[in-house]
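For reference, the chains in residue letters:
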Amino acid sequence: MSSRTLPLLFINLGGEMLYILDQRLRAQNIPADKAKKVMNDIITTMFNKKFLEELFKPQELYSKKALRTVFDRLAHASIMRLNQASMDKLYDLMTMAFKYQVLLCPRPKDILLVSFNHMDAIRDFVKDTPSILNQVDETYQQLVEMYTPLSSGDFQLIRQTLLIFFQNMHIRVSIFLKDKVQNSNGRFVLPTSGPVPHGTQVPGLIRMFSCTGEETSRLQFTTGGNYSSALREGSFELFGERVTKLGTNMYSVSRPVETHMSGASKNSAQHTKVNTAPNPLAKEELNLLAKLMGGLEFQKSGNADSGFRVNLFATDEEEEEALISRPDELSYGIINIQATKDQQANAELAKIMGEFTESGEQPASGSSKGDDLLAMMDGL
(Lines give C-alpha, C1' and ligand atoms only; values in the text may rest on other atoms or scores of the structure.)
Protein backbone atom coordinates (compact mmCIF):
# COMPACT_ATOMS: atom_id res chain seq x y z
CA MET A 1 0.00 0.00 0.00
CA SER A 2 1.25 3.48 -0.84
CA SER A 3 1.93 5.74 2.15
CA ARG A 4 1.32 8.85 0.01
CA THR A 5 -2.28 8.12 -0.93
CA LEU A 6 -4.21 9.71 1.95
CA PRO A 7 -3.74 13.42 1.02
CA LEU A 8 -4.90 12.79 -2.57
CA LEU A 9 -7.89 10.76 -1.38
CA PHE A 10 -8.90 13.46 1.09
CA ILE A 11 -8.50 16.41 -1.29
CA ASN A 12 -10.36 14.75 -4.17
CA LEU A 13 -13.24 13.56 -1.99
CA GLY A 14 -13.35 16.99 -0.38
CA GLY A 15 -13.53 18.65 -3.78
CA GLU A 16 -16.43 16.41 -4.80
CA MET A 17 -18.19 17.17 -1.52
CA LEU A 18 -17.94 20.91 -2.19
CA TYR A 19 -19.29 20.50 -5.75
CA ILE A 20 -22.34 18.61 -4.43
CA LEU A 21 -23.03 20.97 -1.54
CA ASP A 22 -22.72 24.02 -3.79
CA GLN A 23 -25.25 22.49 -6.19
CA ARG A 24 -27.69 21.66 -3.37
CA LEU A 25 -27.38 25.07 -1.73
CA ARG A 26 -28.30 26.67 -5.05
CA ALA A 27 -31.14 24.20 -5.67
CA GLN A 28 -32.68 24.91 -2.26
CA ASN A 29 -32.37 28.68 -2.78
CA ILE A 30 -30.26 29.16 0.34
CA PRO A 31 -29.42 32.88 0.73
CA ALA A 32 -26.10 33.74 -0.86
CA ASP A 33 -24.52 34.96 2.38
CA LYS A 34 -25.35 31.72 4.21
CA ALA A 35 -24.22 29.58 1.29
CA LYS A 36 -20.92 31.45 1.13
CA LYS A 37 -20.41 31.04 4.87
CA VAL A 38 -20.94 27.28 4.59
CA MET A 39 -18.41 26.92 1.79
CA ASN A 40 -15.86 29.21 3.49
CA ASP A 41 -16.17 27.46 6.84
CA ILE A 42 -15.78 23.97 5.35
CA ILE A 43 -12.79 24.98 3.23
CA THR A 44 -11.18 26.76 6.20
CA THR A 45 -11.54 23.57 8.23
CA MET A 46 -10.29 21.34 5.39
CA PHE A 47 -7.12 23.38 4.95
CA ASN A 48 -6.35 24.01 8.58
CA LYS A 49 -2.56 23.98 8.98
CA LYS A 50 -2.35 21.53 11.90
CA PHE A 51 -4.81 19.19 10.24
CA LEU A 52 -2.82 19.13 7.01
CA GLU A 53 0.43 18.52 8.89
CA GLU A 54 -1.06 15.26 10.17
CA LEU A 55 -2.62 14.45 6.81
CA PHE A 56 0.62 14.82 4.85
CA LYS A 57 2.66 12.58 7.13
CA PRO A 58 3.48 9.28 5.33
CA GLN A 59 0.84 6.80 6.49
CA GLU A 60 -1.37 4.02 5.21
CA LEU A 61 -5.05 4.40 4.44
CA TYR A 62 -7.50 3.48 7.15
CA SER A 63 -11.06 2.18 7.16
CA LYS A 64 -14.01 3.68 5.32
CA LYS A 65 -15.73 4.24 8.67
CA ALA A 66 -12.88 6.40 9.95
CA LEU A 67 -12.71 8.39 6.72
CA ARG A 68 -16.48 8.86 6.75
CA THR A 69 -16.23 10.22 10.30
CA VAL A 70 -13.80 12.92 9.20
CA PHE A 71 -16.06 14.00 6.34
CA ASP A 72 -19.14 13.92 8.56
CA ARG A 73 -17.46 16.43 10.86
CA LEU A 74 -16.28 18.51 7.91
CA ALA A 75 -19.78 18.70 6.43
CA HIS A 76 -21.03 20.02 9.77
CA ALA A 77 -18.20 22.50 10.27
CA SER A 78 -20.58 25.39 9.60
CA ILE A 79 -24.21 26.33 10.17
CA MET A 80 -25.47 23.70 7.71
CA ARG A 81 -26.88 20.40 8.98
CA LEU A 82 -27.50 17.12 7.16
CA ASN A 83 -29.66 14.25 8.34
CA GLN A 84 -28.00 10.83 8.25
CA ALA A 85 -29.70 9.77 5.00
CA SER A 86 -28.54 12.92 3.23
CA MET A 87 -25.03 12.49 4.65
CA ASP A 88 -25.02 8.88 3.42
CA LYS A 89 -26.05 10.04 -0.03
CA LEU A 90 -23.45 12.82 -0.04
CA TYR A 91 -20.70 10.35 0.83
CA ASP A 92 -21.93 7.88 -1.81
CA LEU A 93 -21.81 10.56 -4.50
CA MET A 94 -18.36 11.75 -3.43
CA THR A 95 -16.81 8.30 -3.44
CA MET A 96 -18.39 7.04 -6.66
CA ALA A 97 -17.44 10.20 -8.55
CA PHE A 98 -13.80 9.96 -7.52
CA LYS A 99 -13.71 6.20 -8.13
CA TYR A 100 -14.85 6.83 -11.72
CA GLN A 101 -12.17 9.49 -12.17
CA VAL A 102 -9.44 7.16 -10.93
CA LEU A 103 -10.62 4.43 -13.31
CA LEU A 104 -10.59 6.85 -16.27
CA CYS A 105 -7.13 8.28 -15.69
CA PRO A 106 -5.10 7.46 -18.86
CA ARG A 107 -1.89 7.38 -16.81
CA PRO A 108 -1.50 6.84 -13.06
CA LYS A 109 0.25 10.22 -12.82
CA ASP A 110 -2.90 11.91 -14.13
CA ILE A 111 -4.43 11.38 -10.67
CA LEU A 112 -2.38 14.42 -9.70
CA LEU A 113 -4.00 16.45 -12.51
CA VAL A 114 -7.42 15.36 -11.22
CA SER A 115 -6.37 16.56 -7.77
CA PHE A 116 -5.26 19.90 -9.19
CA ASN A 117 -8.61 20.31 -10.95
CA HIS A 118 -10.30 19.89 -7.58
CA MET A 119 -7.86 22.34 -6.01
CA ASP A 120 -8.49 24.86 -8.81
CA ALA A 121 -12.23 24.67 -8.11
CA ILE A 122 -11.75 25.00 -4.35
CA ARG A 123 -9.54 28.01 -4.96
CA ASP A 124 -12.30 29.56 -7.07
CA PHE A 125 -14.82 29.06 -4.24
CA VAL A 126 -12.74 31.29 -1.91
CA LYS A 127 -11.19 33.68 -4.43
CA ASP A 128 -12.79 36.65 -2.63
CA THR A 129 -11.49 35.62 0.81
CA PRO A 130 -7.70 36.20 0.91
CA SER A 131 -7.07 34.51 4.26
CA ILE A 132 -8.65 31.23 3.17
CA LEU A 133 -7.10 31.55 -0.29
CA ASN A 134 -3.66 31.61 1.33
CA GLN A 135 -4.44 28.35 3.13
CA VAL A 136 -5.40 26.72 -0.18
CA ASP A 137 -2.31 28.04 -1.96
CA GLU A 138 -0.05 26.64 0.77
CA THR A 139 -1.60 23.21 0.24
CA TYR A 140 -1.09 23.59 -3.52
CA GLN A 141 2.60 24.06 -2.85
CA GLN A 142 2.73 21.03 -0.57
CA LEU A 143 1.13 18.89 -3.27
CA VAL A 144 3.60 20.10 -5.90
CA GLU A 145 6.59 19.48 -3.64
CA MET A 146 5.42 16.03 -2.52
CA TYR A 147 4.02 14.52 -5.71
CA THR A 148 5.73 15.98 -8.78
CA PRO A 149 9.07 14.24 -8.03
CA LEU A 150 7.39 10.80 -7.77
CA SER A 151 8.04 8.19 -10.45
CA SER A 152 5.44 6.50 -12.67
CA GLY A 153 5.79 3.43 -10.46
CA ASP A 154 4.94 5.48 -7.36
CA PHE A 155 1.78 6.80 -9.01
CA GLN A 156 0.84 3.30 -10.16
CA LEU A 157 1.02 2.17 -6.53
CA ILE A 158 -1.13 5.13 -5.46
CA ARG A 159 -3.70 4.30 -8.14
CA GLN A 160 -3.85 0.64 -7.11
CA THR A 161 -4.23 1.64 -3.46
CA LEU A 162 -7.19 3.87 -4.34
CA LEU A 163 -8.84 1.18 -6.47
CA ILE A 164 -8.48 -1.36 -3.65
CA PHE A 165 -10.12 1.14 -1.30
CA PHE A 166 -13.07 1.59 -3.70
CA GLN A 167 -13.32 -1.95 -5.09
CA ASN A 168 -16.42 -3.08 -3.16
CA MET A 169 -18.37 0.16 -3.63
CA HIS A 170 -20.97 -0.18 -6.40
CA ILE A 171 -23.54 2.56 -5.74
CA ARG A 172 -25.65 3.49 -8.76
CA VAL A 173 -25.67 7.23 -9.51
CA SER A 174 -28.36 8.67 -11.78
CA ILE A 175 -25.96 10.93 -13.72
CA PHE A 176 -23.72 7.99 -14.54
CA LEU A 177 -26.67 5.76 -15.44
CA LYS A 178 -28.18 8.38 -17.77
CA ASP A 179 -24.82 8.94 -19.45
CA LYS A 180 -24.48 5.15 -19.84
CA VAL A 181 -21.13 5.06 -18.08
CA GLN A 182 -22.49 2.86 -15.30
CA ASN A 183 -24.38 -0.43 -15.50
CA SER A 184 -27.47 -1.30 -13.48
CA ASN A 185 -25.30 -3.33 -11.10
CA GLY A 186 -23.29 -0.21 -10.19
CA ARG A 187 -20.15 -1.15 -12.13
CA PHE A 188 -18.59 1.39 -14.46
CA VAL A 189 -18.35 1.04 -18.25
CA LEU A 190 -14.83 1.98 -19.32
CA PRO A 191 -14.30 3.29 -22.87
CA THR A 192 -12.22 1.37 -25.40
CA SER A 193 -11.72 4.38 -27.68
CA GLY A 194 -10.41 7.90 -27.49
CA PRO A 195 -7.01 9.55 -26.92
CA VAL A 196 -4.20 7.27 -25.79
CA PRO A 197 -2.12 8.20 -22.71
CA HIS A 198 0.42 10.97 -23.21
CA GLY A 199 3.77 9.56 -24.27
CA THR A 200 2.30 6.50 -25.99
CA GLN A 201 1.42 5.72 -29.61
CA VAL A 202 -1.89 4.81 -31.18
CA PRO A 203 -2.10 0.97 -31.27
CA GLY A 204 -2.36 -0.89 -34.57
CA LEU A 205 1.24 -1.23 -35.70
CA ILE A 206 3.89 -3.87 -34.93
CA ARG A 207 7.47 -2.98 -35.88
CA MET A 208 10.22 -5.58 -36.14
CA PHE A 209 13.88 -4.70 -35.53
CA SER A 210 17.13 -6.45 -36.26
CA CYS A 211 19.79 -7.13 -33.66
CA THR A 212 21.52 -3.92 -34.75
CA GLY A 213 18.41 -1.85 -34.02
CA GLU A 214 17.35 -1.31 -37.62
CA GLU A 215 13.66 -1.60 -38.47
CA THR A 216 13.14 -4.56 -40.79
CA SER A 217 9.37 -4.81 -41.22
CA ARG A 218 5.98 -3.47 -40.18
CA LEU A 219 2.73 -5.30 -39.56
CA GLN A 220 -0.57 -3.52 -39.11
CA PHE A 221 -3.47 -5.05 -37.18
CA THR A 222 -7.06 -4.09 -36.42
CA THR A 223 -7.63 -2.71 -32.93
CA GLY A 224 -10.73 -3.12 -30.82
CA GLY A 225 -11.34 0.61 -30.55
CA ASN A 226 -11.12 3.94 -32.29
CA TYR A 227 -7.98 5.54 -30.88
CA SER A 228 -6.44 8.95 -31.46
CA SER A 229 -3.16 10.59 -30.54
CA ALA A 230 -2.87 11.99 -27.04
CA LEU A 231 -3.72 15.58 -26.33
CA ARG A 232 -0.91 17.70 -24.96
CA GLU A 233 0.15 16.84 -21.44
CA GLY A 234 -1.64 18.67 -18.64
CA SER A 235 0.36 21.15 -16.60
CA PHE A 236 1.50 20.28 -13.08
CA GLU A 237 2.29 23.92 -12.35
CA LEU A 238 0.33 25.95 -9.82
CA PHE A 239 -1.77 27.84 -12.37
CA GLY A 240 -1.31 25.62 -15.41
CA GLU A 241 -3.81 24.22 -17.91
CA ARG A 242 -4.77 20.72 -16.72
CA VAL A 243 -6.14 19.61 -20.13
CA THR A 244 -8.11 16.74 -18.56
CA LYS A 245 -11.69 17.37 -17.50
CA LEU A 246 -11.56 14.69 -14.81
CA GLY A 247 -12.03 16.32 -11.44
CA THR A 248 -14.06 19.26 -12.75
CA ASN A 249 -17.62 19.96 -11.64
CA MET A 250 -20.09 17.55 -13.23
CA TYR A 251 -22.97 19.33 -11.43
CA SER A 252 -22.46 22.62 -13.26
CA VAL A 253 -25.59 21.80 -15.29
CA SER A 254 -28.41 21.47 -12.79
CA ARG A 255 -30.04 18.05 -12.87
CA PRO A 256 -31.30 15.71 -10.14
CA VAL A 257 -28.82 13.21 -8.80
CA GLU A 258 -29.97 10.01 -7.14
CA THR A 259 -28.04 7.12 -5.65
CA HIS A 260 -29.27 3.55 -5.35
CA MET A 261 -27.86 0.34 -4.02
CA SER A 262 -27.49 -2.23 -6.79
CA GLY A 263 -29.04 -5.63 -6.26
CA ALA A 264 -25.67 -7.35 -6.01
CA SER A 265 -24.41 -4.83 -3.49
CA LYS A 266 -27.56 -5.16 -1.39
CA ASN A 267 -27.25 -8.92 -1.27
CA SER A 268 -23.57 -8.83 -0.40
CA ALA A 269 -24.19 -6.23 2.30
CA GLN A 270 -27.03 -8.21 3.83
CA HIS A 271 -24.89 -11.35 3.98
CA THR A 272 -21.83 -9.63 5.37
CA LYS A 273 -20.95 -11.01 8.77
CA VAL A 274 -19.53 -8.66 11.36
CA ASN A 275 -16.13 -9.80 12.52
CA THR A 276 -16.14 -9.55 16.30
CA ALA A 277 -12.48 -10.51 16.69
CA PRO A 278 -10.32 -7.61 17.91
CA ASN A 279 -8.54 -5.80 15.13
CA PRO A 280 -4.88 -5.30 16.12
CA LEU A 281 -4.73 -2.17 13.94
CA ALA A 282 -7.88 -0.60 15.38
CA LYS A 283 -6.20 1.34 18.19
CA GLU A 284 -3.50 2.69 15.89
CA GLU A 285 -6.15 3.75 13.40
CA LEU A 286 -8.15 5.57 16.05
CA ASN A 287 -5.03 7.28 17.32
CA LEU A 288 -4.43 8.55 13.79
CA LEU A 289 -8.04 9.66 13.54
CA ALA A 290 -7.72 11.52 16.83
CA LYS A 291 -4.64 13.33 15.55
CA LEU A 292 -6.36 14.27 12.30
CA MET A 293 -9.45 15.50 14.04
CA GLY A 294 -7.38 17.21 16.70
CA GLY A 295 -6.03 19.50 13.99
CA LEU A 296 -9.44 20.54 12.78
CA GLU A 297 -10.93 23.78 14.02
CA PHE A 298 -14.64 24.25 13.78
CA GLN A 299 -16.36 27.56 13.25
CA LYS A 300 -18.66 28.29 16.18
CA SER A 301 -21.89 29.99 15.26
CA GLY A 302 -23.01 32.56 17.76
CA ASN A 303 -26.68 32.22 16.86
CA ALA A 304 -28.11 28.71 16.97
CA ASP A 305 -31.17 29.83 15.04
CA SER A 306 -29.05 30.79 12.05
CA GLY A 307 -28.42 27.15 11.14
CA PHE A 308 -30.34 25.42 8.37
CA ARG A 309 -30.75 21.88 7.03
CA VAL A 310 -29.82 20.74 3.53
CA ASN A 311 -31.66 17.77 2.03
CA LEU A 312 -29.98 15.86 -0.78
CA PHE A 313 -33.30 14.25 -1.68
CA ALA A 314 -36.28 15.77 -3.49
CA THR A 315 -38.53 15.55 -0.41
CA ASP A 316 -38.25 14.79 3.31
CA GLU A 317 -40.26 11.62 2.72
CA GLU A 318 -37.68 10.33 0.24
CA GLU A 319 -34.93 11.09 2.73
CA GLU A 320 -36.71 9.13 5.49
CA GLU A 321 -37.36 6.21 3.15
CA ALA A 322 -33.71 6.11 2.10
CA LEU A 323 -32.60 5.99 5.72
CA ILE A 324 -34.92 3.07 6.50
CA SER A 325 -34.05 1.07 3.39
CA ARG A 326 -30.27 1.46 3.61
CA PRO A 327 -28.49 -1.70 4.85
CA ASP A 328 -27.01 -1.29 8.33
CA GLU A 329 -23.61 -2.38 7.05
CA LEU A 330 -23.47 0.69 4.79
CA SER A 331 -24.60 3.26 7.34
CA TYR A 332 -21.71 4.89 9.12
CA GLY A 333 -22.27 5.77 12.73
CA ILE A 334 -20.45 8.58 14.46
CA ILE A 335 -17.23 7.60 16.19
CA ASN A 336 -17.30 9.03 19.70
CA ILE A 337 -13.82 10.05 20.77
CA GLN A 338 -13.37 9.65 24.50
CA ALA A 339 -10.46 10.43 26.78
CA THR A 340 -8.91 8.07 29.30
CA LYS A 341 -7.45 8.71 32.74
CA ASP A 342 -4.01 8.99 31.24
CA GLN A 343 -3.08 12.53 32.25
CA GLN A 344 -0.70 13.00 29.35
CA ALA A 345 -3.46 12.18 26.87
CA ASN A 346 -6.16 14.23 28.55
CA ALA A 347 -5.01 17.65 27.38
CA GLU A 348 -5.03 16.76 23.67
CA LEU A 349 -8.21 14.71 23.84
CA ALA A 350 -10.03 17.32 25.90
CA LYS A 351 -9.30 19.77 23.12
CA ILE A 352 -10.56 17.29 20.54
CA MET A 353 -13.74 16.66 22.52
CA GLY A 354 -14.38 20.35 23.02
CA GLU A 355 -14.17 21.00 19.29
CA PHE A 356 -15.96 17.97 17.95
CA THR A 357 -18.55 16.50 20.29
CA GLU A 358 -21.93 18.05 19.77
CA SER A 359 -23.80 15.88 22.25
CA GLY A 360 -21.59 16.61 25.24
CA GLU A 361 -19.89 13.23 25.78
CA GLN A 362 -17.95 12.98 29.03
CA PRO A 363 -14.53 11.41 29.45
CA ALA A 364 -14.65 7.72 30.19
CA SER A 365 -14.21 7.11 33.93
CA GLY A 366 -13.52 3.37 33.89
CA SER A 367 -10.30 3.26 31.87
CA SER A 368 -7.03 2.40 33.56
CA LYS A 369 -3.90 4.51 33.33
CA GLY A 370 -1.71 3.46 30.43
CA ASP A 371 -4.65 2.51 28.22
CA ASP A 372 -4.58 3.66 24.62
CA LEU A 373 -5.69 7.20 23.80
CA LEU A 374 -9.05 6.03 22.53
CA ALA A 375 -11.58 3.44 23.59
CA MET A 376 -11.88 0.62 21.09
CA MET A 377 -14.65 1.28 18.58
CA ASP A 378 -17.11 -1.57 18.19
CA GLY A 379 -16.95 -3.40 14.91
CA LEU A 380 -13.91 -1.62 13.51
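Residues numbered from 1 in each chain as written. Predicted model: local features only at pLDDT ≥ 70, side-chain atom pairs only at ≥ 80, totals over all residues. Heavy atoms only, no water.

*Asks:* I would appreciate a short explanation of the overall build of the protein chain in the present structure.
*Replies:* Within the protein chain, the regular secondary structure consists of 13 helices and eight strands. Classification of the 380 residues of the protein chain by burial places 47% in the buried group. In the protein chain, of all internal contacts separated by at least 6 residues, the share reaching a separation of at least 24 is 79%. As displayed, the protein chain has an accessible area near 19,200 Å², and 50% of this comes from carbon and sulfur atoms. (Helix = DSSP H or I, 4+ residues; strand = E, 2+ residues; numbered from the N terminus. Buried < 20%, exposed > 50% of the residue type's maximum accessible area, 1.4 Å probe, protein only. Contact = heavy atoms within 4.5 Å. Areas by Shrake-Rupley, 256 points an atom, 1.4 Å probe, with all protein chains shown as cover.)

*Asks:* Teacher, can you tell me more about helix α4 (residues 64–75) here?
*Replies:* Turn by turn, an α-helix covers 3.6 residues, leaving residues three or four places apart pointing in a common direction. For α4, spanning twelve residues, the distance from its first C-alpha to its last is 16 Å, which sits close to the expected 16 Å at 1.5 Å a residue. For α4, the tally of buried residues reaches ten of twelve residues, placing the bulk of the element in the interior. Among the residues of α4, those classed as buried are A66, L67, R68, T69, V70, F71, D72, R73, L74 and A75. (Expected span 1.5 Å × (residues − 1).)

*Asks:* What's the story with the pattern of salt bridges in this structure? I'm lost.
*Replies:* Note on pairing: side chains with opposite charge can pair once their charged atoms come close. Within the structure shown, the criterion is met by twelve salt bridges. The partner of R68 in a salt bridge is D88, with the nearest N and O atoms 2.7 Å apart. Residue R68 is located in helix α4, and its partner D88 is located in helix α5 (residues 84–104); the two are separated by 20 residues in the primary sequence. Comparing R68 with D88 shows no difference in burial state: the two are buried. A salt bridge links R207 to E215, with the nearest nitrogen and oxygen atoms 3.8 Å apart. On the basis of relative accessibility, which here comes to 37%, the residue R207 falls in the partly exposed class. Linked through salt bridges whose partners overlap, the residues forming this network are R68, D72 and D88. (Salt bridge = Lys/Arg side-chain N within 4 Å of Asp/Glu carboxyl O.)

*Asks:* Which parts of the structure should I look at to understand unusual backbone geometry?
*Replies:* Among all residues save glycine, negative phi is the norm, and among peptide bonds the norm is trans. Here K180, not a glycine, exhibits a phi torsion of approximately 60 degrees, which is positive. Located in the positive-phi region is V243, a residue other than glycine, with phi close to 70 degrees. Inspection of the secondary structure puts V243 in the loop between β6 (227–228) and β7 (259–261).

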